[in-house]
Amino acid sequence: MLFKTEGERILIKSVSDMDMIIGMQNVGIRYGQGAEILSDINMALKRGSFHFLTGKSGAGKTSLLSMMYLSQKASRGIVKIFGRNVTYTDRDSLALLRRKIGVVFQDFRLLDHMSAFDNVALPLRVCGMDEREVRKRVTELLQWVELDKKIKEPASTLSGGEKQRVAIARAVINRPEILLADEPTGNVDSDIAYKLMKLFVELNKLGTTVVIATHSEKLITDFPFPRLHLQNRGLKIYRPIIEDNTVKGGIHE
Amino acid sequence: MSKDIISSRKQEVPLQDDSSNVFLQVMVCIAVFLFGVTLAGTLSVNAMIKTWNDSILGALTVQIMPVVENNKEAMTAEVLRQQSKAVEFLNEWPGVEKATPLSDKQLNRLLQPWLGDGVDVSDLPAPRLIDVKVKKGMHINFSKLAESLVKEIPLASVDDHKIWLDKLIKFADSLRLLAMVVLILVVAVTSGAIFYCTQTSLGLHHHVIEILHLMGAKDTYVAQQYARKACFLGFMGGIYGLILVIPTIFVISGLASQIEGGIVSETTLSMMDWLIIFSLPLFSCFISMITAYYTVKHTLIKFM
Ligand SMILES: Nc1ncnc2c1ncn2[C@@H]1O[C@H](COP(=O)(O)OP(=O)(O)OP(=O)(O)O)[C@@H](O)[C@H]1O
Ligand SMILES: [Mg+2]
């Protein structure tokens, strides 16, 4: 425990308010009247950073992400996104913040009755983008994720991996400032998984802050990014060490 | 504002599958039907009252009935005395512009077609008449006037045709009030139905709406989709209602004109009235749209 608080102190202090794009202070979350799933979470993610989010099944990865993409409110503590305390942000401003956040949901959350195209177009249409521009961008991106043949298919008829690619395309179509992905490569073969990870890295190089929740040890060792680890309702951060040009897991910072 | 409510085209919330759509159209159809029939009734009653006010009720005649008595001199004197008393009385009555007794000459002229030349009214037991002009735009309570007048001048009588009309106008007035209440109720019940159907639908499509929110949609974006759908349903329901209203109006006015030629044949609707009735679908469309829009805005506040 002592070690953990030490880690948090460093984590909070090392990022100035200007650089911080996602911040949490003493955040706890619980569902209904149950016990807290996560307690005393402190973190400050820098603009343009790339993190993995790990932890056992049921550790609370999805719960933590859902506070970041403004779907859940923390039961206690302060959550700051883009420097704004979300508790004191009105509904319309929250909507505007969400437009700058791309999310790949663990369960995809596609609109089943709509086509792959319409699903990917959604974030653009919601901002009222011109339909010609929408068509151009969506078609291009669907080609890139190799779904150009399924463009008109309703989302409900797509395979798991196809749905996942639609979900990813939808998350990145609006060039978000924050990209949150919950198990984004769980249903695709390793070739496509690699290609998608490359996409996330590319976006990160262009300035997008990325957090990816994953169970895949392979992904973590292949891409040397720091790792947020959930354990015992708390959060620890690990930084990778690189030996002989290969990543060896990570050590506690 | 209404342009703002229906702009942007894509319909992500699958409202076309809602089972309440048929119910709402039937509801609006019935509402427009009730509204239209009541409105047509009110408008034609309005037109009737206007005609009566203008032509019939602008003037009034008071008669002083002669008493049949042996002493003709005394009788004539009494009638004339009561006549001038009545004129005085009427001139003081609020709303009366001028009461003038008809002279013998005028009476002679009135009676001439029946009695021929050379007859002097003063010799006959014919009633004396007083012509009463009513001030423009004033409503006179004729039954009250008649009552007070007879109390003062026992020989006087007010044309009972007019008293009857006066009562009819009062009846029409309360009918109009009743119609207003019906119209307000119809609108309220319809809006209520739209309110509850919209709320139910929001619950039903909770999942889709949450996704829209997570993609950065404002409440307005969702509300627009509901408003567009409600606009369509309200309009279609209104059209069906109108299709029922028009033949009903013709049937009713057809029946009415058979009753009593004199009065009820005035009930034809003017161009303006028809225009109002034909615009009912637009009206129902507007009410539905506004109700749905604000129901969504109001309900979504409870979502995160
Ligand atoms: N809506 C909810 N209502 C009640 N409990 C919930 C809800 N969502 C999650 N939980 C509980 O919170 C805990 C954490 O769930 P969460 O989905 O955040 O875990 P996770 O780390 O994403 O797991 P996984 O790796 O399996 O996706 C679980 O014990 C789960 O039962
Ligand atoms: Mg999860």
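Preceding this paragraph is the structure being described.
These lines cover the structure that appears in this document, whether it is placed above or below. (Residues numbered from 1 in each chain as written. Chains lettered and ligands numbered in written order. Predicted model: local features only at pLDDT ≥ 70, side-chain atom pairs only at ≥ 80, totals over all residues. Heavy atoms only, no water.)

1. Remarks on the overall build of chain A
Stage number 1. A count of helical and extended segments in chain A gives eight helices and 13 strands.
Stage number 2. Within chain A, buried positions represent 55% of all 253 residues.
Stage number 3. In chain A, the share of contacts with a sequence separation of at least 24, taken over all contacts with a separation of at least 6, comes to 67%.
Stage number 4. Accessible surface, chain A as shown: approximately 11,800 Å² in total, 50% of it carbon and sulfur. (Helix = DSSP H or I, 4+ residues; strand = E, 2+ residues; numbered from the N terminus. Buried < 20%, exposed > 50% of the residue type's maximum accessible area, 1.4 Å probe, protein only. Contact = heavy atoms within 4.5 Å. Areas by Shrake-Rupley, 256 points an atom, 1.4 Å probe, with all protein chains shown as cover.)

2. Structural notes on the overall build of chain B
Stage number 1. From N to C terminus, chain B includes eleven helices and four strands.
Stage number 2. Residues counted as buried form 43% of the 304 residues belonging to chain B.
Stage number 3. Surface exposure of chain B reaches about 16,400 Å², of which carbon and sulfur atoms provide 66%.

3. Remarks on helix α3 (residues 91-98) of chain A
Stage number 1. Burial in α3 of chain A covers these residues: Ser93, Leu94, Ala95, Leu97 and Arg98 of chain A.
Stage number 2. Looking at the buried positions of α3 of chain A, the neighbouring elements they touch are β4 (76-81), β5 (84-85) and β6 (101-104) of chain A together with α7 (206-214) of chain B.
Stage number 3. Its side-chain oxygen 3.3 Å from the backbone nitrogen of Asp92 of chain A, Asp90 of chain A forms the N-cap of α3 of chain A. (Polar contact = N/O pair within 3.5 Å; in protein donor to acceptor, adjacent residues only side chain to side chain.)

4. Regarding the coordination of the magnesium ion (ligand 2)
Residue and element names in this part refer to chain A.
Stage number 1. The magnesium ion (ligand 2) binds to the protein through Thr62 (OG1) and Gln106 (OE1); the donor distances cover 1.9 to 2.2 Å. Of this pair, Thr62 sits in helix α2 (residues 61-68) while Gln106 sits in the loop between β6 and α4 (116-126), and the two are 44 residues apart along the sequence.
Stage number 2. What makes Gln106 partly exposed here is its relative accessible area of 41%. (Donors = N, O, S within 2.8 Å, 3.2 Å for Na, K, Ca; no water.)

5. Describing the packing of helix α3 (residues 72-92) of chain B against helix α5 (residues 142-152) of chain B
Residues and elements named next belong to chain B.
Stage number 1. Contact geometry for α3 and α5: axes closest at 11 Å, N-to-C directions at 140°. For the element pair α3 and α5, the recorded crossing hand is right-handed. Contact with α3, carried on its side by Lys85, Ala86, Phe89 and Leu90, involves Leu145, Ser148, Leu149 and Glu152 of α5 and no other residues of that element. (Axes fitted to C-alpha atoms, helices over the stretch in contact; angles between N-to-C directions. Left-handed = near helix turned anticlockwise from the far one by under 90°.)

6. Considering the interface of chain B and chain A
Stage number 1. The partner chain A presents 24 residues to the 21 residues of chain B that form the contact.
Stage number 2. Arg109 of chain A is the salt-bridge partner of Glu210 of chain B, the closest N and O atoms lying 3.3 Å from each other.
Stage number 3. At the level of elements, α7 and α8 (219-259) of chain B are the ones that each hand at least two residues to the side of chain B that touches chain A.
Stage number 4. By residue class, the composition of the side of chain B that touches chain A is twelve nonpolar, three polar and six charged. (Salt bridge = Lys/Arg side-chain N within 4 Å of Asp/Glu carboxyl O. Nonpolar A, V, L, I, M, F, W, Y, C, P; charged D, E, K, R; others polar.)

7. Quick notes on the packing of aromatic side chains
Note on aromatic pairs: each is described by the distance of the centres and the angle between the planes.
Stage number 1. This structure, assessed with the given rule, holds eleven aromatic pairs over all chains.
Stage number 2. Where Phe195 of chain B meets Tyr196 of chain B, the ring centres are 5.2 Å apart and the plane angle is 85°; that geometry is what we call edge-to-face.
Stage number 3. Its relative accessible area of 24% is what places Phe195 of chain B among the partly exposed residues.
Stage number 4. Residue Tyr196 of chain B is classed as exposed on the basis of its relative accessible area, which comes to 54%.
Stage number 5. The positively charged end of Lys100 of chain A is found above the aromatic ring belonging to Phe82 of chain A, 4.4 Å away from the centroid.
Stage number 6. The side chain of Arg109 of chain A reaches across the aromatic face of Phe105 of chain A, ending 4.9 Å from its centre. (Phe/Tyr/Trp six-rings, centres within 6.5 Å; stacked < 30°, edge-to-face > 60°. Lys NZ or Arg CZ within 6 Å of the ring centre and 35° of its normal.)

8. Points about the site of ligand 1
All names here are of chain A.
Stage number 1. Near ligand 1, the surroundings consist of Tyr31, Ile37, Lys56, Ser57, Gly58, Ala59, Gly60, Lys61, Thr62, Ser63, Gln106 and His215.
Stage number 2. Here an oxygen atom of ligand 1 and a side-chain polar atom of Lys61 are 2.7 Å apart.
Stage number 3. The contact in question runs from an oxygen atom of ligand 1 to an N or O atom on the side chain of Ser63, over 2.6 Å.
Stage number 4. Broken down by element, the residue count for the shell around ligand 1 peaks at three residues, all from α2.
Stage number 5. Looking at the shell around ligand 1 residue by residue, the classes come out as three nonpolar, seven polar and two charged. (Near = heavy atom within 4 Å.)

9. Some points on the pairing of strand β8 (residues 209-213) of chain A
Residues and elements named next belong to chain A.
Stage number 1. When you tally the buried positions in β8, you get five out of five residues, the bulk of the element.
Stage number 2. The two faces of β8 match: Thr209, Val211 and Ala213 on one face and Val210 and Ile212 on the other face are all buried.
Stage number 3. Here four bridges tie strand β3 (residues 50-55) to β8, and the two strands are oriented parallel to one another. Bridging from a neighbouring strand, Leu53 pairs with Ala213 of β8.
Stage number 4. By the bridge criterion, five bridges tie strand β7 (residues 178-182) to β8 in an arrangement that is parallel. Note that in β8 the partner of Leu180 across the bridge is Val211. (Pairing = 2+ DSSP bridges.)

10. Some points on the pattern of salt bridges
Proximity of charged atoms lets side chains of opposite charge pair with each other.
All names here are of chain A.
Stage number 1. This model, assessed by the stated rule, comprises 18 salt bridges over all chains.
Stage number 2. Note that Asp107 and Arg109 form a salt bridge whose closest N and O atoms lie 3.7 Å from each other.
Stage number 3. What makes Asp107 exposed here is its relative accessible area of 54%.
Stage number 4. The partner of Arg132 in a salt bridge is Asp130, with the nearest N and O atoms 3.6 Å apart.
Stage number 5. A residue is classified by how much of its surface remains accessible, and Asp130, at 42% relative accessible area, is partly exposed.
Stage number 6. It is possible to trace a salt-bridge network through shared partners that takes in Glu36, Asp40 and Arg76.

11. Some details on the nonpolar core
Stage number 1. In terms of nonpolar packing, the biggest core is built from 59 residues, with Met24, Ile41, Leu64, Met68, Ile81, Ile101 and Leu180 of chain A touching the most fellow members.
Stage number 2. The element that contributes the greatest number of residues to this core is α8 of chain B, accounting for six residues.
Stage number 3. Not counting the four nearest positions on each side in its chain, Ile101 of chain A is found in contact with Met68, Tyr69, Leu70, Ile81, Phe82, Pro176, Ile178 and Leu180 of chain A.
Stage number 4. In terms of nonpolar packing, the next biggest core, distinct from the first, is built from 44 residues, Phe117, Val145, Leu199 and Val201 of chain A among them. (Core = buried A, V, L, I, M, F, W, Y, C linked by side-chain atoms within 4.5 Å.)

12. Points about the packing of α4 of chain A against helix α6 (residues 160-172) of chain A
Residue and element names in this part refer to chain A.
Stage number 1. Interaxial distance between α4 and α6 falls to 7 Å at its minimum, and their mutual angle equals 25°. In terms of orientation, α4 lies roughly parallel with respect to α6. For the pair α4 and α6, the sense of crossing is right-handed. Counting all contacts with α4, which are made through Ala116, Asn119, Val120 and Pro123, the residues of α6 involved are Val166, Ala169 and Arg170. (Parallel < 35°, antiparallel > 145°, perpendicular 65-115°, else oblique.)

Nothing here speaks to function; it is geometry throughout.
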